[in-house]
Each structure stands twice: as structure tokens, then as C-alpha cells.
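# Structure assessment
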Amino acid sequence: MTTQRSHRLDSADWFGKTCAGLVLGFSLAVAVSGLCAWLTPGGIAGGNGKIQFVMWLMAPLWAGVLCFVFLFRDSRRAWLWLGGANLVACGLLAGVRGLLG
């Protein structure tokens, strides 16, 4: 029989989680908004409305990551998962820029 260990969410790692959300959340928001800029119709040279939309998309993406970072069990997991997400997003952005640029 396997016993499941229940881990309660608490605020013990709030500083590390907050730092992960601020630093890695920002870079993740930049990469995702860059992907939106490159992959939507018109590419990176889209009109002024598209540039404004992509610019304003950064704030809710960053705020969303900063809100959800507190659902991680500890700050180590937050840094690892957000770091991995950053590697994937930046890799996709580099690939898209290489193909379309």
C-alpha cells in the first residue's frame, strides 16, 4: 500500500516564490508576447494596433505568473518549473525568429 503524503500550502517560501515570479515571470511574459507578435498575422511588422496589443499583453501575463507562483509547494519548485518554462518559451521564440525572420 502506498501512503500519500499530504503537503499543505503555506507561506514559508513566499520570498523565494515572489522572486521567481518577478524575475522568471517577467522573462516568460516577454517570450510569450514575442511569440504572439511573431505568430499572429502580419508577423513582427504588424500594424500599430498589433504592437500596442502585444505590449499590453505583457502585464496580464506577468501578473498571472506572479499570482500562480504561490501554488508551488516550495520556492525551489517554482524556480525549476519557471526556469524550464522560460527555456521552452525562449527556445520556441528563437526557432520562430529563425524560421520567419
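Higher on the page you've got the structure.
Calculation notes
- Residues numbered from 1 in each chain as written.
- Predicted model: local features only at pLDDT ≥ 70, side-chain atom pairs only at ≥ 80, totals over all residues.
- Heavy atoms only, no water.
- Helix = DSSP H or I, 4+ residues; strand = E, 2+ residues; numbered from the N terminus.
- Buried < 20%, exposed > 50% of the residue type's maximum accessible area, 1.4 Å probe, protein only.
- Contact = heavy atoms within 4.5 Å.
- Areas by Shrake-Rupley, 256 points an atom, 1.4 Å probe, with all protein chains shown as cover.
- Core = buried A, V, L, I, M, F, W, Y, C linked by side-chain atoms within 4.5 Å.
- Expected span 1.5 Å × (residues − 1).
- Axes fitted to C-alpha atoms, helices over the stretch in contact; angles between N-to-C directions.
- Parallel < 35°, antiparallel > 145°, perpendicular 65-115°, else oblique.
- Left-handed = near helix turned anticlockwise from the far one by under 90°.
- Nonpolar A, V, L, I, M, F, W, Y, C, P; charged D, E, K, R; others polar.

Turning our eyes to something else, we now look at the overall build of the chain. The helix and strand inventory of the chain stands at three helices and zero strands. Starting at the N terminus, the α and β elements of the chain follow one another as α-α-α. A buried classification covers 30% of the 101 residues belonging to the chain. When contacts within the chain are restricted to residue pairs at least 6 apart in sequence, those whose partners lie at least 24 apart make up 78%. Looking at the chain as shown, the accessible area adds up to about 7,100 Å², and 70% of this sits on carbon and sulfur atoms.

What follows concerns the nonpolar core. In this structure, Ala20, Leu24, Leu28, Ala31, Val65, Val69, Ala78, Leu82 and Ala89 together form the largest nonpolar core, which totals nine residues. For this core, the secondary-structure elements that each account for two or more residues are helix 1 (14-39) and helix 3 (75-100). In terms of residues, this core owes the most to one element, helix 1, which gives four residues. For Leu82, the contacting residues outside a window of four places in its chain are Ala20, Gly21, Leu24, Leu28, Val65 and Val69.

Below, the discussion takes up helix 3. Side chains that are three or four residues apart share a direction in an α-helix, a result of its 3.6 residues per turn. Look at helix 3: 37 Å from first C-alpha to last across 26 residues, which is about the 38 Å you get at 1.5 Å a residue. Burial in helix 3 covers these residues: Ser75, Ala78, Leu82, Asn86, Ala89, Leu93 and Val96. Contacts made by the buried residues of helix 3 are with helix 1 and helix 2 (48-68).

Here we come to the packing of helix 1 against helix 2. Where helix 1 meets helix 2, the axes come as close as 8 Å, and the angle between the chain directions of the two elements is 150°. Taken as axis vectors, helix 1 and helix 2 run roughly antiparallel relative to one another. As helix 1 packs across helix 2, the resulting crossing turns out to be right-handed. Here helix 1 contributes Thr18, Gly21, Leu22, Gly25, Phe26, Leu28, Ala29, Val30, Val32, Ser33, Cys36 and Ala37 to the contact with helix 2, which in turn contributes Lys50, Val54, Leu57, Met58, Leu61, Trp62, Val65 and Leu66. Taken together, the residues of the contact of helix 1 with helix 2 break down into 15 nonpolar, four polar and one charged.

Take it as geometry only, folks, not as evidence of what the structure does.
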